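Inside the fold
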Amino acid sequence: PQAFGGALDKLDSRALVILRETLAFYSPLADFAFAMQGLGSGAITLAGSAQQQSRYLTAVARGDKIAAFALSEPEAGSDVGAMATSARDDGDAVVLDGVKTWISNGGIADYYCVFAKTEPTKGTRGITAYVVDANSAGLDDSEHIHVMAPHPLATVRLTQCRIPASAQLGVRDGGFKLAMQTLDIFRASVAGAALGMARRALHEAIDYARKRSMFGQRLADFQLTQAKLGEMAALVDAAALLTYRAAWLRDCVGTSTPAQAQAYSAQAAMAKMAATENAQRVIDMALQMHGGQGVRVGSKVESLYRDIRSLRIYEGATEVQQLIIGKSVLKGAA
Ligand code: COS
């Protein structure tokens, strides 16, 4: 928000989606850097105390602090309620123990929004969020994870990590809902990023089809090519419409009633699922059209092919989005 150095009054989903789409068109890594500052500070924007907001948000907006969101664990990815990291009260402190993994910005972050069990037997109703400074004693974020589209990613180990009680983020045992509300915002923006990558792949395919000669004509003159480009363009537009609808819904209809929140959640899930799946198909078709050039390391479609893959998994795999949509449909909400 503007009060903490942001460009707009309050978070605007349409701006977020279009920014990510644009950044991802040119550089998925630039998009990553931008998006992770948002994901890692989103829970503070939604639920932080005035003191937490002024301490972290302004610095995040300036780029002085790097933010991270630490939800997943080795045995709790899609099943968030199964997390094992514990938070135990000890006087005016809280002691964290556990392992968080697949943490984007892990290793370079200045702080982590850590989700931990405060009521071990209560599943999703026993999770609380905390803001944990990366230099806290007992926090080790040195284990980098290598992935096919390289970016800062690490496992974060918390061993008797003592933080002040004032580091609690939002209400006690309200951490699961806070995580879901944060993810709801960013899932629609992941759709925006996927859309940017798909648009770039289509652009590359059109450009190549116009230039490449074969069998005495241009690649673009073949009906097979025209049909593929037609299919790609329709997949891109379908993703764009779902993505922009989800963002519009959050900005213009809102999420203040349970029915609105449920409807938005399902729309954001539809956008993320469709945009990431469609982008994978569009990029694959663009690569195929490039023939051997498509698999040459360093070509744009080759890097897009690697860049898009994790978007179908992180911030809720496609299968999780299908569940969210399915549950909502059964309730008659979407
Ligand atoms: N906003 C607010 N509240 C929400 C919510 C949302 N988007 N989604 C669920 N809730 C609430 C539910 O209403 C329910 O509330 P009550 O306890 O009051 O009944 C509670 O949270 C539990 O919801 P649910 O029963 O749907 O939880 P599940 O354990 O079945 O989990 C999924 C649901 C699988 C959808 C959830 O765990 C999930 O999104 N997993 C993927 C996590 C993910 O994205 N990981 C990537 C990490 S970041 S890279």
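In case you missed it, the structure is sitting above this.
Definitions and cut-offs
Residues numbered from 1 in each chain as written. Predicted model: local features only at pLDDT ≥ 70, side-chain atom pairs only at ≥ 80, totals over all residues. Heavy atoms only, no water. Helix = DSSP H or I, 4+ residues; strand = E, 2+ residues; numbered from the N terminus. Buried < 20%, exposed > 50% of the residue type's maximum accessible area, 1.4 Å probe, protein only. Areas by Shrake-Rupley, 256 points an atom, 1.4 Å probe, with all protein chains shown as cover. Near = heavy atom within 4 Å. Polar contact = N/O pair within 3.5 Å; in protein donor to acceptor, adjacent residues only side chain to side chain. Phe/Tyr/Trp six-rings, centres within 6.5 Å; stacked < 30°, edge-to-face > 60°. Lys NZ or Arg CZ within 6 Å of the ring centre and 35° of its normal. Contact = heavy atoms within 4.5 Å. Pairing = 2+ DSSP bridges. Axes fitted to C-alpha atoms, helices over the stretch in contact; angles between N-to-C directions. Parallel < 35°, antiparallel > 145°, perpendicular 65-115°, else oblique. Left-handed = near helix turned anticlockwise from the far one by under 90°. Disulfide = S-S within 2.5 Å. 1 Å grid on protein atoms, 1.4 Å probe; cavity = no way out; pocket = protein on both sides within 12 Å on 5 of 7 lines; lining within 4 Å. Points joined across faces, edges and corners; volume = space filled by probe spheres on them. Nonpolar A, V, L, I, M, F, W, Y, C, P; charged D, E, K, R; others polar.

Along the chain, the regular secondary structure elements total eight helices and 10 strands. Judged by the C-alpha coordinates and their principal axes, the chain covers about 80 × 45 × 40 Å. Counting every position in the chain, which comprises 334 residues, the buried fraction comes to 51%. Here the chain displays about 15500 Å² of accessible surface, and carbon together with sulfur accounts for 56% of that area.

The subject of this paragraph is the site of the ligand. Taken together, 21 residues sit near the ligand, with Ser78, Arg125, Asp184, Arg187 and Gly316 positioned nearest. The contact in question runs from an oxygen atom of the ligand to an N or O atom on the side chain of Lys177, over 3.0 Å. In the model, an oxygen atom of the ligand is placed 3.2 Å from a nitrogen or oxygen of the Lys327 side chain. Contact with the protein chains covers 69% of the free accessible surface of the ligand, which is 1000 Å².

As a further point, take the packing of aromatic side chains. Applying the stated rule across the entire model yields four aromatic pairs. Their ring planes at 70° and their centres at 5.0 Å tell us that Phe25 and Tyr26 sit as a pair that is edge-to-face. By relative accessible area, which is 18% here, Phe25 ends up buried. The positively charged end of Arg200 is found above the aromatic ring belonging to Phe25, 5.4 Å away from the centroid.

Attention now goes to the side chain of Gln53. When you line up the elements, Gln53 lands in helix 3 (residues 50-62). A polar contact is formed between the side chain of Gln53 and the backbone oxygen of Ile44, at a distance of 3.1 Å. In this structure the side chain of Gln53 is engaged in a polar contact, spanning 3.2 Å, whose partner is the backbone oxygen of Thr45. Discounting chain neighbours no more than four positions away, the residues touching Gln53 are Phe4, Ile44, Thr45, Gly48 and Thr58.

This part covers the pairing of strand 4 (residues 111-117). The element strand 4 is extensively covered by neighbouring structure, given that seven of its seven residues are classed as buried. Residues Tyr111, Cys113, Phe115 and Lys117 point to one face of strand 4 and Tyr112, Val114 and Ala116 to the other, with burial holding for every one of them. The pairing of strand 1 (residues 67-70) with strand 4 spans four bridges and is parallel. Across the sheet, residue Phe69 finds its bridge partner in strand 4, namely Cys113. Relative to strand 5 (residues 127-133), strand 4 is paired through seven bridges, and the arrangement is antiparallel. Paired with Val114 across the strands is Tyr130, a residue of strand 5.

Let us look at the packing of helix 4 (residues 175-211) against helix 6 (residues 258-289). For any two helices packed against each other, the geometry comes down to the angle between their axes and how far apart the axes lie. One way to put it is that helix 4 packs onto helix 6 with a least axis distance of 8 Å and a crossing angle of 20°. On the basis of their axis angle, the class for helix 4 and helix 6 is roughly parallel. Where helix 4 crosses over helix 6, the handedness of that crossing is left-handed.

Right, let's get into the state of the cysteines. Tallied over the full model, the rule gives zero disulfides. For the unlinked cysteine Cys113, the closest cysteine sulfur is that of Cys161, found at 14 Å. Residue Cys113 is classed as buried on the basis of its relative accessible area, which comes to 0%. Cys161 gets classed as buried once you look at its relative accessible area, which sits at 0%.

Let us now look at empty space enclosed by the protein. Rolled over the atoms, a probe sized like a water molecule indicates the empty space that remains. On inspection of all chains with the given rule, the structure shows one cavity of 30 Å³ or more. Space inside the largest cavity adds up to approximately 30 Å³. Of all the elements in the fold, those that place two or more residues in the lining of the largest cavity are helix 2 (28-47) and strand 1. Its residues assigned to classes, the lining of the largest cavity shows five nonpolar, two polar and no charged.

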